[in-house]
Amino acid sequence: MDTPETALSALLTRFTPSRDNLIPILHVVQEAEGYLSPASMAQVAAYLGLSESEVHGVATFYASFRLKPIGKQCLKVCRGTACHVKGAGEVLAELEKKLGIKAGETTPDGAYSLETEACFGSCALAPVVVVDGRVSGRVEPAGVGELLKGENEP
Amino acid sequence: MSLNILRQQAEAEWEAVVHPSLPQIFIGTSTCGEAAGAGRVRRAIEEKLVELGISATIHRTGCLGECWREPLVDIIKPGSPRITYHSLTPEKASELIADYLVNGLLRPDLALGVWGGGYDGLPALDTTAMLGPQKRRALRNAGIIDPENIRHYLARGGYRGLERALSLSPDEVICEIEQAGLRGRGGAGFPTAWKWRLCREAEGAPKHLICNADEGDPGAFMNRALLESDPHAVLEGMLVGAYAIGADRGYIYVREEYPLATRRLEIALEQMRDSGLLGRDILGTGLDFDIKLVRGAGAFVCGEETALIASMEGYRGLPRTRPPFPASSGLWGKPTNINNVETWAQAAYILAAGAEAFREYGTEQSKGTKTLSLAGDVRHTGLIEVPLGTALSDIIYTIGGGIPGDRSVKAVQTGGPSGGCLPASLLALPVDYESLAQAGSIMGSGSMVVMDERSCMVDIARYFLTFTEAESCGKCTPCRLGTRQMRSVLDDIVAGNGKATDLEVLAHLAQSVRKGALCGLGQSAPNPLLTTLKYFREEYEAHLDGRCPSLVCSALVHFEITTEKCAGCGVCLRVCPSEAISGGRGVKHVINQAKCTRCGQCLKACPMRFSAVGKIAGRAVREDA
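Keep in mind the model is a prediction, meaning the values are calculated, not measured.

## Here we look at the environment of B:P20
Residues and elements named next belong to chain B. Within the secondary structure layout, P20 lies in the loop between α1 (4–18) and β1 (24–28). Residue class for P20 comes out buried when judged on its relative accessible area of 9%. Once residues within four sequence positions are removed from consideration, P20 is found in contact with E15, I76 and P78.

In structure tokens:
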């Protein structure tokens, strides 16, 4: 069976070891492992001939990269202007209350992660919540329970 | 090699779509359509077709811009024009299939309009409120063709701009863009031809060309919709630019948050390679050019061109001082030209239709049309394209259909975090680069968020500064600390701890950041604050007096129960989380203001028939104190 290191090595060989591949590599590592662990970042650094702090610096600069494991279901509340005007704050507060966590956290049982996003560009349907990559528009604070139950099938 | 054979095939294929022998069904599948339930509608239609034994072709299309009434479905029945239906649910879609395709009922209750003229009592699409006044050029195919089918694009004149460009000299192409008066559609409005020429004349090889698809302004979705609806329009513009500039390599830097746009671009690039439109010796003209897709990773600052370049090179997205400009030293130190998504699509239009046609619309200094995203407190939210110089009021009231609930406009936010909030008194303002800048805002990439009287301008200024503070890359002090300081003063004001000197402090900070910040994002970060201070100063003053007139800032409002209206039903008492409500069954309720946390649960809970709870501007008078 593959160890995490050998699985990651196989992934890395798809890229030439040049600096401009750092961000594309971090994307695929996160897609494969759910987040960027210190061990993975160290391996990426070694592969590209960079220091670990360089890789860490880039990983923490960009909002897409996550340094902690993510919950089974990931809810992202849009905080764009139109969503703000249309009550995204209340939607977020309701989700925080229901899940008992703050934005940026994961429930202790690992079931849900709650995040905010600058803007998904679905402003015409504000307020918007994206659940596991699927956009739900015109979300009412009272209706957030349905998002959690996975009742937002397209 | 030329496109002739492919174009003939494409035209034949398109002809069979628009004058079909079988019903043709088009389903809007951009992000807005999908979010509104296009997937469920498609399944319902497929099931109904099977159930009724009808053979039909289903196509996907992009965004017609009527996002507020997605999902949209178009139907062409043999011998009939294309009819657009809106706001469909799976149930309505099933009914429509049976009613129209089997029984010939047009279902005017579900119809939006008919393409190419009125039909049997249904209105022509180009006379409907939202689409009628528009001039769709960058969006010429959006919502019409299948964005994943290059033949649809070719059949509607796609790549004719490229063919014409290749028949001219590179300098003539740049002159054509110059005569058109095209200015960058991403924000600053820099003349596109100048930029192209600078890069063409720059020393060094290879030369790079970048499409900036890092649409980061919250409230903006023009570029997403265009890429999802007609990716080839953008890619054709890039090929025209590559030829004019003499660029060897192209890149599209796409926001991480736009997975569908990314997928459609990947498909489009593959089709271009298969058709001889990318790679070596394009169309036998000796032009070598390829385009690579680069995914962003969620950083607003990467919309700034030097930060974008740093990001593409694998670094933190930090801007640097200019000069040198990217035109002489950009990606990997080589001459680089960066344009926004829409600029590329407009460039392709100019080469196909000619500079004169482009100049038909616009103002003296702002030529052509502009895509705008319309959102917020407006009836018709969506994606539009109008001549530059169109008045804000026409956009909001005619195209946008006015404000829901017959409320009034308080402000229009243009240009995102780099723009400003314009008051209702300026609604006659024409939307062009100069007029918006003069009013203290900017065109930006074209986001427009309408706010009615329920939005608090101090809260909005704080919202934008919270955003720019979080997105500040941290490289220069004025932006890093200035945005933080402005936000913290605004925090105090909305929390009711504002001081008389705060407005002066804010204005001073704003000017310092504007003058001192390194990049355009920092320099423009104070704009939301400055415009609200300029046009809505009385709201700031009200906050300093302890009142939020729009009832948004919870520290500056309070709740009261009107004794005459209260029935003593006990509902509010039960929902109050802080036990601030007294009374009981049949005993009128009273809010203890000292205990009240102003969460508003009582207001939501009070039954409509009583409506006894009121939200009132200003702090409560503490009788207990």
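## Focus on the confidence of the model for chain B
The pLDDT averaged across chain B works out to 95; a share of 99% of its residues lies at or above 70. In the model output, the complex is listed with pTM 0.94 alongside ipTM 0.91.

## A few points about the interface of chain B and chain A
Taken together, the contact between chain B and chain A spans 52 residues of the former and 37 residues of the latter. When residues of chain B are sorted by the area they lose upon contact with chain A, B:A297, B:R316 and B:Y463 head the list and together hold 17% of the total. The interface formed by chain B and chain A contains three salt bridges. Ionic pairing is found between A:E90 and B:K604, a salt bridge with its closest N-O pair at 3.9 Å.

## Considering the pattern of salt bridges
It is possible for side chains of opposite charge to pair when their charged atoms get near one another. Residue and element names in this part refer to chain B. Taken as a whole, this structure holds 46 salt bridges over all chains when the rule is applied. For R273, the salt bridge is made with D290, and the minimal N-O distance between the two is 3.1 Å. Of the two residues, R273 is situated in helix α11 (residues 259–274) and D290 in strand β9 (residues 287–295); the sequence distance between them amounts to 17 residues. Between D406 and R379 there is a salt bridge, with the nearest N and O atoms lying 3.7 Å from each other. You can see D406 sitting in the loop between α15 (392–399) and β13 (409–414) and its partner R379 sitting in the loop between β11 (369–376) and β12 (382–387), a full 27 residues away along the chain. The class for D406 is exposed, based on a relative accessible area of 70%. The exposure class assigned to R379 is partly exposed, which follows from its relative accessible area of 35%. In this structure, a network of salt bridges that share partners links the residues D459, R462, E469, R487 and D491.

## Regarding the packing of aromatic side chains
One pass over the structure, following the stated rule, counts nine aromatic pairs over all chains. Centre to centre, the rings of B:F190 and B:W194 are 5.7 Å apart; their planes meet at 85°, and the pair counts as edge-to-face. For the ring pair B:Y463 and B:F464, a centre distance of 5.0 Å and an interplane angle of 70° mean the geometry is edge-to-face. One exposure class covers both B:Y463 and B:F464, and it is buried. Every member of this aromatic cluster is reached through a ring pair, and the members are A:F61, A:Y62 and A:F65. Here the basic side chain of B:R82 rests over the ring of B:F26, its NZ or CZ set 3.7 Å away from the ring centre. Taking the ring centre of B:Y258 as reference, the NZ or CZ of B:R255 above it sits at 5.0 Å.

## Remarks on the environment of B:T89
All names here are of chain B. Assignment of secondary structure puts T89 in the loop between β4 (82–85) and α4 (90–102). A sequence separation of 53 residues divides T89 from A36, and the C-alpha atoms of the two residues are 9.0 Å apart. Within the structure, T89 has its side chain in polar contact with the backbone nitrogen of K92 (distance 3.1 Å).

## Thoughts on the domain arrangement of chain B
If you check the domain split of chain B, you get domain 1 (3–126), domain 2 (159–358), domain 3 (369–452), domain 4 (457–544) and domain 5 (554–617). A straight line from the C-alpha centre of domain 1 of chain B to that of domain 4 of chain B covers 48 Å.

## Considering helix α2 (residues 22–33) of chain A
Across its twelve residues, α2(A) extends 16 Å between first and last C-alpha, which sits within 8% of the 16 Å expected from 1.5 Å per residue. Along α2(A), the positions that sit buried rather than exposed are A:L22, A:I23, A:I25, A:L26, A:H27, A:V28, A:V29 and A:Q30. Close packing links the buried residues of α2(A) with α1 (4–12), α3 (38–48) and α4 (52–61) of chain A together with β9 and α12 (305–312) of chain B. Among the residues trailing α2(A), A:G34 stands out with phi positive, at a value near 90°.

Cut-offs applied
- Residues numbered from 1 in each chain as written.
- Chains lettered and ligands numbered in written order.
- Predicted model: local features only at pLDDT ≥ 70, side-chain atom pairs only at ≥ 80, totals over all residues.
- Heavy atoms only, no water.
- Helix = DSSP H or I, 4+ residues; strand = E, 2+ residues; numbered from the N terminus.
- Buried < 20%, exposed > 50% of the residue type's maximum accessible area, 1.4 Å probe, protein only.
- Contact = heavy atoms within 4.5 Å.
- pLDDT = per-residue confidence, 0-100.
- Buried area = accessible area lost by both parts, 1.4 Å probe.
- Salt bridge = Lys/Arg side-chain N within 4 Å of Asp/Glu carboxyl O.
- Phe/Tyr/Trp six-rings, centres within 6.5 Å; stacked < 30°, edge-to-face > 60°.
- Lys NZ or Arg CZ within 6 Å of the ring centre and 35° of its normal.
- Polar contact = N/O pair within 3.5 Å; in protein donor to acceptor, adjacent residues only side chain to side chain.
- Domains from an automatic or database assignment.
- Expected span 1.5 Å × (residues − 1).

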